[in-house]
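# Examination of the molecular architecture
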Amino acid sequence: MPNDAQPAPVYKRILLKLSGEALMGKLDFGISPDVMNFVAGEIKQVVDAGVQVAVVVGGGNIFRGEGLARGGMDRVTGDQMGMLATVINALAIQDAVERLGLEVRVQSAIRINEVCEDFIRRRAVSHLENGRVVVFAAGTGNPFFTTDSAAALRAVEIGADLLLKATKVDGIYTADPKKDASATRYDTLTYDVALDRRLGVMDQTAMVMGRDHRMKLRVYDMERPGALLRIVRGENVGTLVTA
């Protein structure tokens, strides 16, 4: 292999979980254009390498149903508002990625046909196979389920080879590294260990689904340029969680 040749991707299809809060950047609310453009660029690198990319996005930068419920709002209403917030974020991702020349489809778990498609698994897989990025919005379409759970569910449904959780920390630690200087990072661990030690990687529903369906999960620092591309090429970036 020539010295300047790049390693081939080791994954055919991935699902990337982005939190709504991650899209804020340094803002107090909403969507940072700089962060959105950066994320779009990271996705394009991976698609250009021949990897099929699906995305699940949260809505915490706009509304979070659980938080609204703590303030007295009906939980179901709050979660429905949160679902709509994820649609806003999904459309923003679609716009940013399309401006880089890729095709994108947004699929929503709730019907909102004027702005995006309904979630249909076979159609989503067809889009991926045809080189389009698919952004899944509105979580699972049900209250009381987080977008982490939606990410695990969609990853299993579309047959993803890897589920990625993009965070602002470079993996999973024994404790919060921002609060505990002695915290150490795991290179690898199992779902059972993460659940038993309550490491807070994703919510328990998502973790159990990932474990039961043997879905590989990698947690990484989304702010590091090129990290996503390095991961799909098989480099040990962040923390790998396996069954």
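It should be noted that the structure appears before, not after, this text.
Now for a quick tour of the structure.

What counts, and at which threshold
Residues numbered from 1 in each chain as written. Predicted model: local features only at pLDDT ≥ 70, side-chain atom pairs only at ≥ 80, totals over all residues. Heavy atoms only, no water. Helix = DSSP H or I, 4+ residues; strand = E, 2+ residues; numbered from the N terminus. Salt bridge = Lys/Arg side-chain N within 4 Å of Asp/Glu carboxyl O. Buried < 20%, exposed > 50% of the residue type's maximum accessible area, 1.4 Å probe, protein only. Core = buried A, V, L, I, M, F, W, Y, C linked by side-chain atoms within 4.5 Å. Phe/Tyr/Trp six-rings, centres within 6.5 Å; stacked < 30°, edge-to-face > 60°. Lys NZ or Arg CZ within 6 Å of the ring centre and 35° of its normal. Pairing = 2+ DSSP bridges. Right-handed = clockwise from strand over helix to strand, strands pointing away. Contact = heavy atoms within 4.5 Å. Polar contact = N/O pair within 3.5 Å; in protein donor to acceptor, adjacent residues only side chain to side chain.

With that out of the way, let us pick up the environment of Asp 28. Relative to the helices and strands, Asp 28 is located in the loop between strand E1 (13-18) and helix H1 (33-48). Note: C-alpha distance between Asp 28 and Arg 122 (94 residues apart in sequence) is 38 Å.

Further remarks concern the pattern of salt bridges. As enumerated under the stated definition, the model contains 17 salt bridges in all. The partner of Glu 117 in a salt bridge is Arg 105, with the nearest N and O atoms 3.9 Å apart. Within this pair, whereas Glu 117 is found in strand E4 (residues 117-118), its partner Arg 105 is found in strand E3 (residues 104-108), the two being separated by 12 residues in sequence. For Arg 105, a relative accessible area of 23% corresponds to the partly exposed category. For Asp 221, the salt bridge is made with Arg 224, and the minimal N-O distance between the two is 3.6 Å. Accessibility expressed as a relative area gives 45% for Arg 224, which makes it partly exposed. The network of salt bridges with common partners includes Asp 170, Arg 185, Asp 187, Asp 221 and Arg 224.

If you look at the biggest cluster of nonpolar residues, it comprises 44 residues, and the most contacted ones within it are Ile 14, Leu 18, Ile 43, Val 133, Val 135 and Tyr 220. When contributions to this core are tallied by element, the ones reaching two or more residues are E1, H1, strand E2 (52-57), helix H3 (75-98), E3, strand E5 (133-137), strand E6 (162-167) and helix H8 (227-232). Leu 163, Ile 172, Ala 194 and Val 201 belong to the second largest nonpolar core, which has 30 residues in total.

In total, this model carries one aromatic pair according to the counting rule given. Ring geometry for Phe 119 against Phe 136: centres 5.5 Å apart, planes inclined by 80 degrees, an arrangement best described as edge-to-face. One end of the pair, Phe 119, is in the loop between E4 and helix H4 (121-129); the other, Phe 136, is in strand E5, and 17 residues separate them in sequence. The exposure class assigned to Phe 136 is buried, which follows from its relative accessible area of 2%. Directly above the ring of Phe 119 sits Arg 154, whose terminal nitrogen or CZ lies 3.7 Å from the centroid. In this structure, Arg 154 packs its charged tip against the face of Phe 136, placed 5.9 Å from the ring centre.

For the rest of this paragraph, the subject is the pairing of E2. Of all six residues that make up E2, six are buried, and the element is covered over most of its length. Summarising the sheet, E1 and E2 pair through six bridges and their orientation is parallel. Note that in E2 the partner of Lys 17 across the bridge is Val 56. With H1 bridging E1 and its parallel neighbour E2, the resulting β-α-β unit is right-handed. Bridging between E2 and E5 involves three bridges; their strand directions are parallel. Bridge pairing links Ala 54 to Val 134 in E5.

With that out of the way, let us pick up the environment of Asp 118. Within the fold, Asp 118 resides in strand E4. Taking relative accessible area as the criterion, Asp 118 reaches 23% and is therefore assigned partly exposed. Setting aside residues up to four positions removed in sequence, Asp 118 forms contacts with Gln 107, Ser 108, Ile 110, Arg 111, Ile 112 and Asn 113. Within the structure, Asp 118 has its side chain in polar contact with the side chain of Asn 113 (distance 3.0 Å).

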